[in-house]
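Residues per chain, in single letters:
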Amino acid sequence: MELDARKITILKTIIQTYLETGEPVGSRTISRSSDLKLSSATIRNEMSDLEQMGYILQPHTSSGRIPSDKGYRFYVDEIVKEKDAALKERDAEKAELAEVTEEKQSENSLMISRVDRLEDLLKQMAKILAVSTNYAAMISGPQYNRTKLKFVQLSRVETGKLLIVTVLEGNIIKNSMVDTAETLDDQELLNLNILLNNNLTGLTMEQINLDVISKMKQQAGEQREVVDMVLNEIAEAIRTNEEDLNIYTEGATNIFKYPELSDRQQASELLHTFEKKDELKEFLAENAAMEEAASEGKKNGIQVYIGQENQVQSMKDCSVVTANYDLGNGLRGTVGIVGPKRMDYEKVVGTLRTLMSQLQNTFNDKKNGSGTG
């Protein structure tokens with residue numbers, strides 16, 4: 001049995017109607033909603049074929065049908081295929097920006113552009129996604145490949161104590177405190193700050209080798225032990241940053257708006273997943289690894305996980321749509337939208353692509369222009 005043009009039209013009508021209403025779709029609804037000039041009996045026969053093929057389900061004894069995971073998969077693949085074809089004909093950013101109203105696009109761009117630190121930028125983006133889609137949003141902080149040191153600042157907190165502020169690429173800030181055997185005066189602190197930044201700015205941990213360290217210690221003279229302590233703290237800051245994966249989530253309670261996800265136990269498990277984040281970290285890390293392994297032509301694409309395709313057990317009745325961002329210099333992460341299987345896929349895909357473009361453009365503008373990003 002083949003999925004011919006008539007069956008495809010009926011399947012799309014069932015899915016689109018169910019997305020809007022959340023109610024099983026019957027033959028009479030299809031005859032009114034589609035351009036097909038077919039009798040209800042003919043439509044019922046086609047629906048029966050679609051059910052046998054696994055694209056739709058009959059949840060009750062009534063004549064109404066709902067999409068199966070296989071049906072959603074076909075629908076999503078068609079949406080992505082259509083959008084990819086459109087993007088090949090037109091400039092990608094212009095095509096996607098045209099799908100969003102100027103007012104909303106301007107509002108989101110302004111909200112993003114006001115944020116300086118990457119961490120705050122990602123948190124703001126998660127809020128925007130949750131509000132604009134009415135689903136739950138999750139964003140992984142960047143996993144750094146060869147993290148570069150941007151700046152280091154030593155400050156005297158009290159006698160014998162130094163605060164070390166390490167700023168990594170992407171304005172990721174790490175603070176630490178060390179004890180010193182001697183009290184450094186203002187001039188000595190200034191000299192150390194100049195020495196550290198002149199020698200370390202723009203270097204990765206791999207590049208801070210024995211030659212660099214020996215040269216710095218020699219230049220530091222009596223403060224060589226302080227330099228040694230500071231280097232250990234910088235190394236720890238970079239190592240910790242490369243190993244940790246931060247997850248920013250917003251809108252988890254939006255799941256209560258959808259009856260199929262509002263079962264008390266089911267909703268509780270889903271909320272627990274968003275609170276603990278361990279499974280989300282594993283899921284997003286694997287997604288990023290798949291992106292890294294993908295061929296060049298498939299990078300930064302949209303991935304959709306429907307129902308049982310989800311690896312996270314509490315999301316087996318959900319759909320998850322992800323996209324990967326790449327801010328350059330090894331700063332990569334993943335954005336995800338979690339909602340019911342009857343989510344508005346077309347809107348979610350368009351919103352994700354638009355905000356991904358805005359995130360990357362905003363970050364690059366800050367990095368190349370104002371110097372704050």
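Residues numbered from 1 in each chain as written. Predicted model: local features only at pLDDT ≥ 70, side-chain atom pairs only at ≥ 80, totals over all residues. Heavy atoms only, no water.

S.K.: Mind showing me how you'd approach unusual backbone geometry here?
M.R.: Leaving glycine out, the prevailing phi sign among residues is negative, and the prevailing peptide bond configuration is trans. Positioned with a positive phi, Asn134 is a non-glycine residue whose angle comes to about 70 degrees. Locating Asn134 in the fold gives a position in the loop between helix 7 (118–133) and strand 3 (136–140). Phi is positive for Lys277, close to 70 degrees, though the residue is something other than glycine. Among the structural elements, Lys277 can be located in the loop between helix 11 (264–276) and helix 12 (278–293). (Helix = DSSP H or I, 4+ residues; strand = E, 2+ residues; numbered from the N terminus.)

S.K.: Can you help me understand the packing of helix 8 (residues 186–200) against helix 9 (residues 210–220) in this one?
M.R.: Between two packed helices, what matters for the description is the angle formed by their axes and the separation of those axes. It is the contact of helix 8 with helix 9, at a shortest axis distance of 11 Å, that shows an interaxial angle of 160 degrees. As summarised for this structure, helix 8 and helix 9 are arranged roughly antiparallel, according to the angle between their axes. For the element pair helix 8 and helix 9, the recorded crossing hand is right-handed. Contacts between helix 8 and helix 9 involve Leu195, Leu196, Asn199 and Leu200 from the former and Val212, Lys215, Met216, Gln219 and Ala220 from the latter. Tallied by class, the residues present in the contact of helix 8 with helix 9 amount to six nonpolar, two polar and one charged. (Axes fitted to C-alpha atoms, helices over the stretch in contact; angles between N-to-C directions. Parallel < 35°, antiparallel > 145°, perpendicular 65-115°, else oblique. Left-handed = near helix turned anticlockwise from the far one by under 90°. Contact = heavy atoms within 4.5 Å. Nonpolar A, V, L, I, M, F, W, Y, C, P; charged D, E, K, R; others polar.)

S.K.: Sorry if this is basic, but what is going on with the side chain of Thr13 here?
M.R.: Among the secondary structure elements, Thr13 is positioned in helix 1 (residues 5–21). A distance of 2.8 Å separates a polar side-chain atom of Thr13 from the backbone oxygen of Thr9. (Polar contact = N/O pair within 3.5 Å; in protein donor to acceptor, adjacent residues only side chain to side chain.)

S.K.: Just to check I follow, could you spell out helix 7 for this structure?
M.R.: An α-helix turns once every 3.6 residues. As a result, residues three or four positions apart point the same way. Taking 1.5 Å as the rise per residue, helix 7 with 16 residues should run 22 Å; its terminal C-alpha atoms sit 22 Å apart, in good agreement. Listed in full, the buried residues belonging to helix 7 are Leu118, Leu121, Leu122, Gln124, Met125, Ala126, Ile128, Leu129, Ala130, Ser132 and Thr133. Asn134 sits one or two positions beyond helix 7 and adopts a positive phi of about 70 degrees. (Expected span 1.5 Å × (residues − 1). Buried < 20%, exposed > 50% of the residue type's maximum accessible area, 1.4 Å probe, protein only.)

S.K.: Teacher, can you tell me more about the sheet that holds strand 7 (residues 172–179) here?
M.R.: What holds strands together in a sheet is hydrogen bonding between their backbones, with the strands either parallel or antiparallel. One open sheet holds the three strands; their spatial order is 5-6-7, and the pairing between them is antiparallel. Of all the strands in the sheet, just strand 5 (149–158) and strand 7 have a single pairing partner and so form its edges. Neighbour-to-neighbour, the strand axes of the sheet open up by a mean angle of 20 degrees, direction not taken into account. Pairing of strand 6 (residues 161–168) with strand 7, which is carried by eight bridges, proceeds in the antiparallel orientation. (Pairing = 2+ DSSP bridges.)

S.K.: What's the story with the pattern of salt bridges in this structure? I'm lost.
M.R.: If charged atoms from side chains of opposite charge come close, those side chains can pair. Tallied over the entire structure, the rule returns twelve salt bridges. For Asp4, the salt bridge identified is with Lys7, shortest N-O distance 3.8 Å. The exposure class of Asp4 is partly exposed, given its relative accessible area of 33%. With its nearest N and O atoms 2.8 Å apart, the salt bridge here joins Asp186 to Arg156. Pair noted here: Asp186 is in helix 8 and Arg156 is in strand 5, with a separation of 30 residues, a long-range link. You can call Asp186 exposed: its relative accessible area is 54%. Judged by relative accessible area, which is 37%, Arg156 ranks as partly exposed. Three or more residues are tied together by salt bridges with common partners; here these are Asp4, Arg6, Lys7, Glu46 and Asp49. (Salt bridge = Lys/Arg side-chain N within 4 Å of Asp/Glu carboxyl O.)

S.K.: Help me out: how do you make sense of the environment of Asp326 in this one?
M.R.: Tracing the sequence through the fold places Asp326 in strand 10 (residues 318–326). Taking the C-alpha atoms as reference, Asp326 lies 8.6 Å from Pro142; in sequence the two are 184 residues apart.

S.K.: Explanation requested: helix 1 in the structure shown.
M.R.: Between its first and last C-alpha atoms helix 1 spans 24 Å; for 17 residues at 1.5 Å apiece the expected length is 24 Å, and the two agree. All of the buried residues along helix 1 are Lys7, Ile10, Leu11, Thr13, Ile14, Ile15, Thr17, Tyr18 and Leu19. Residue Gly22 follows helix 1 closely and has a positive phi angle near 75 degrees.

S.K.: What should I look at first to understand the packing of aromatic side chains in this one?
M.R.: The description of an aromatic ring pair uses the distance of the two centres, along with the angle that the planes make with each other. Scanning all chains against the criterion turns up four aromatic pairs. Judged by centre distance (5.2 Å) and plane angle (75 degrees), the ring pair of Phe283 and Tyr305 falls under edge-to-face. Here the residue Phe283 occupies a position in helix 12, and Tyr305 occupies one in strand 9 (residues 302–306), the gap between them amounting to 22 residues. Judged by relative accessible area, Tyr305 falls into the buried class, the value being 11%. (Phe/Tyr/Trp six-rings, centres within 6.5 Å; stacked < 30°, edge-to-face > 60°.)

S.K.: Sorry if this is basic, but what is going on with a negative patch on the surface here?
M.R.: A cluster of acidic residues, Asp278, Glu279, Glu282 and Glu286, forms a negative patch on the protein surface. Topologically, Asp278 is positioned in helix 12. (Patch = residues over 30% accessible without salt bridge, like charges linked within 9 Å, V, L, I, M, F, W, Y side chains within 5 Å. Areas by Shrake-Rupley, 256 points an atom, 1.4 Å probe, with all protein chains shown as cover. Lys, Arg positive; Asp, Glu negative; His and termini not counted. Charge placed at Lys NZ, Arg CZ, Asp CG, Glu CD.)

S.K.: Would you mind showing me how to read the environment of Met229 here?
M.R.: Counting through the fold element by element, Met229 comes out in helix 10 (residues 224–243). Along the primary structure Met229 and Asp179 are separated by 50 residues, whereas in three dimensions their C-alpha atoms are 9.0 Å apart. Other than its neighbours up to four places away in sequence, Met229 contacts Asp179 and Thr180.

S.K.: What should I look at first to understand the nonpolar core in this one?
M.R.: Grouped burial of nonpolar side chains is what soluble globular proteins tend to show. In this structure, Leu129, Val321, Tyr345 and Leu352 are the most contacted members of the largest nonpolar core, which totals 53 residues. Dropping the residues within four chain positions of it, Tyr345 is found in contact with Tyr72, Tyr75, Val76, Ile79, Val304, Ile306, Ser319, Val321 and Pro340. Among the nonpolar cores identified, the runner-up in size contains 25 residues, and Leu192, Leu200, Val212 and Leu231 belong to it. (Core = buried A, V, L, I, M, F, W, Y, C linked by side-chain atoms within 4.5 Å.)

Honestly, it's all geometry; don't read function into it.
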